[in-house]
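Here is what each chain is made of, one letter per residue.
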Amino acid sequence: MSGHLQMSTLDPSLPVPPTSVTIADGTSVSIDEYVYLQAEYPGEPHYVGRVMEFVYVPRVRQPKPLLSMSGIRKQMADKTASGDDSGRDTPTPASSTAQLRVRLAWFQRPRDLPLTRVRAKDMRLLVATMHTDLNPVSAIRGKCQVRHVSEISDLNAWKSQVDHYYYTQLFDRYSTRLYDIVPVSQIRNAPQEVLQKLHDTYEFIFAETQKINDLVSTRRACTVCAKWCSISESVKCSLCEKHYHLQCLDPPPSRKPAKGYGWQCAACLRRMQDHRARSEDTANDSASSAASFSADRKRITRNMAEELTAHRILVSNTPNG
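Rules used throughout
Residues numbered from 1 in each chain as written. Predicted model: local features only at pLDDT ≥ 70, side-chain atom pairs only at ≥ 80, totals over all residues. Heavy atoms only, no water. Helix = DSSP H or I, 4+ residues; strand = E, 2+ residues; numbered from the N terminus. Buried < 20%, exposed > 50% of the residue type's maximum accessible area, 1.4 Å probe, protein only. Contact = heavy atoms within 4.5 Å. Areas by Shrake-Rupley, 256 points an atom, 1.4 Å probe, with all protein chains shown as cover. Phe/Tyr/Trp six-rings, centres within 6.5 Å; stacked < 30°, edge-to-face > 60°. Lys NZ or Arg CZ within 6 Å of the ring centre and 35° of its normal. Salt bridge = Lys/Arg side-chain N within 4 Å of Asp/Glu carboxyl O. Core = buried A, V, L, I, M, F, W, Y, C linked by side-chain atoms within 4.5 Å. Pairing = 2+ DSSP bridges. Patch = residues over 30% accessible without salt bridge, like charges linked within 9 Å, V, L, I, M, F, W, Y side chains within 5 Å. pLDDT = per-residue confidence, 0-100. Polar contact = N/O pair within 3.5 Å; in protein donor to acceptor, adjacent residues only side chain to side chain.

Student: What should I look at first to understand the overall build of the protein chain in this one?
Tutor: Scanning the protein chain for helices and strands turns up six helices and twelve strands. For the protein chain, the residues scored as buried account for 26% of the 321 residues in total. Pairs at least 24 residues apart make up 60% of the contacts formed inside the protein chain by residues separated by at least 6 positions. Carbon and sulfur atoms make up 53% of the accessible area of the protein chain, which amounts to about 22600 Å² in all.

Shown next as structure tokens:
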């Protein structure tokens, strides 16, 4: 979404359009300002839009009433009698042949969207659209302030002011879908040349929620070459969560693992093998210790049994007092 967009090309036969106009209450309205427009039905809230440009359009001439043949003959006779040269057109000033219009980029209120899941109760919340059209300048009723939520430091204070609105999403009337809007300054997970082009061209972008979450997350760089890697051309280790280009692996796999299967990098596999080997050594040492302890215990028990047997024999062979 670019901050400035000129839609019309100048017609040499029309006056040069202004960059600002003065409406009925004396307020000056300029390009890129936000305005109220008179609602189509009484009792409805004013429409809200951003002024994209002012443009002159040819004035539509009203069709002449139909005349009967006798009326046409009489009109021609009157022109002949008065010496009127009907073959020449009288030049008319530009103001009488052109009308000034304003092109608006529309915002909608959530309650007006054809989406049953939208039940916003915040009357200051708007939804951006890609719909623009020309409207009479006389339909402008006043100015208002509209900002993206990322440009507002204190949302509650912003909403408490008169004629202040905000937006977070864009509605596409053709697909009837909502898209999240984020400023380009928040995008980090993309190639450097793409980020530079976005910063030079656009102020905001819109996309699906899942895509937006991926774009604003930490930059996804390959552990081997440190370059940005796309999801389709890279794999992610399920243990260390590092990313690798498929072509940066040795040997490079022919394709990504099937969905639902995990993949581990070589470093994590070596750590797993070392840990398993240490665990087996520890288990063997424990088993050896347990076996040695059991043998010692049996030997001690056997010695104690032999000593007890010898003692009983000695007692039995001793004559009574």
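Student: Is there a simple way to think about the packing of aromatic side chains in this case?
Tutor: Any pair of aromatic rings gets described here by the distance separating the centres and the angle formed by the planes. Within this structure, the stated rule accounts for six aromatic pairs. Ring centres 5.7 Å apart and planes at 65° place the aromatic pair Y244 and W263 in the edge-to-face group. Placement of the pair is Y244 in strand 12 (residues 243-245) and W263 in the loop between strand 12 and helix 6 (266-317), with a sequence separation of 19 residues. When the ring centre of Y165 is taken as origin, the NZ or CZ atom of R124, which lies over that ring, is 5.7 Å away.

Student: Would you take a moment to explain the pattern of salt bridges for this structure?
Tutor: Oppositely charged side chains can pair when the atoms bearing their charge come close. Enumeration over the complete set of coordinates arrives at eight salt bridges. E53 is the salt-bridge partner of R103, the closest N and O atoms lying 3.0 Å from each other. One end of the pair, R103, is in strand 5 (residues 98-108); the other, E53, is in strand 4 (residues 47-58), with 50 residues separating them in the sequence. With respect to burial, R103 and E53 carry one shared label: buried. For R177, the salt bridge identified is with E208, shortest N-O distance 4.0 Å. Here R177, found in strand 9 (residues 177-183), pairs with E208, found in the loop between strand 10 (204-207) and helix 5 (209-215); they are 31 residues apart in sequence, far enough to count as distant.

Student: Is there a simple way to explain the nonpolar core in this structure?
Tutor: Generally speaking, soluble globular proteins have nonpolar side chains that are buried together. Ranked by internal contacts, the top residues of the largest apolar core, which has 14 residues, are V48, F107, C144, V146 and Y167. Counting residues per element, the ones that place at least two in this core are strand 3 (34-37), strand 6 (125-136), strand 7 (140-148), strand 8 (164-172) and strand 9. In terms of residue count, strand 8 provides more of this core than any other element does, three residues in total. Not counting the four nearest positions on each side in its chain, Y167 is found in contact with F107, L125, L126, A128, V146, R147, H148, V149, I181 and F204. Listed in part, the 13 residues of the second largest apolar core include I23, V35, V102 and I140.

Student: When you look at the pairing of strand 9 in this model, what are you seeing that I'm missing?
Tutor: In regular strands, side chains alternate between the two faces of the sheet. In terms of burial, strand 9 is largely enclosed, as six of its seven residues are buried. Pairing of strand 8 with strand 9, which is carried by four bridges, proceeds in the antiparallel orientation. Note that in strand 9 the partner of Q169 across the bridge is D180. In this antiparallel pair of consecutive strands, strand 8 and strand 9, the connection spans four residues, and T176 shows a positive phi of 50°.

Student: Which parts of the structure should I look at to understand a nonpolar patch on the surface?
Tutor: On the surface, L239, L269 and M272 cluster together to form a nonpolar patch covering roughly 240 Å² of accessible area. By the element assignment, M272 lies in helix 6.

Student: Could you clarify how one ought to interpret the confidence of the model for the protein chain in this entry?
Tutor: In the predicted model, the protein chain carries a mean pLDDT of 82, and 75% of its residues have values of at least 70. Predicted confidence for residues 86-94 stays below pLDDT 50, and this span has three contacts to residues more than four positions away or in other chains.

Student: Which parts of the structure should I look at to understand the side chain of H164?
Tutor: Here H164 shows up in strand 8. For H164, a relative accessible area of 12% gives the class buried. A distance of 2.7 Å separates a polar side-chain atom of H164 from the backbone oxygen of V162. In this view, H164 contacts R124, Q145 and W158; residues no more than four positions away in its chain are not counted.

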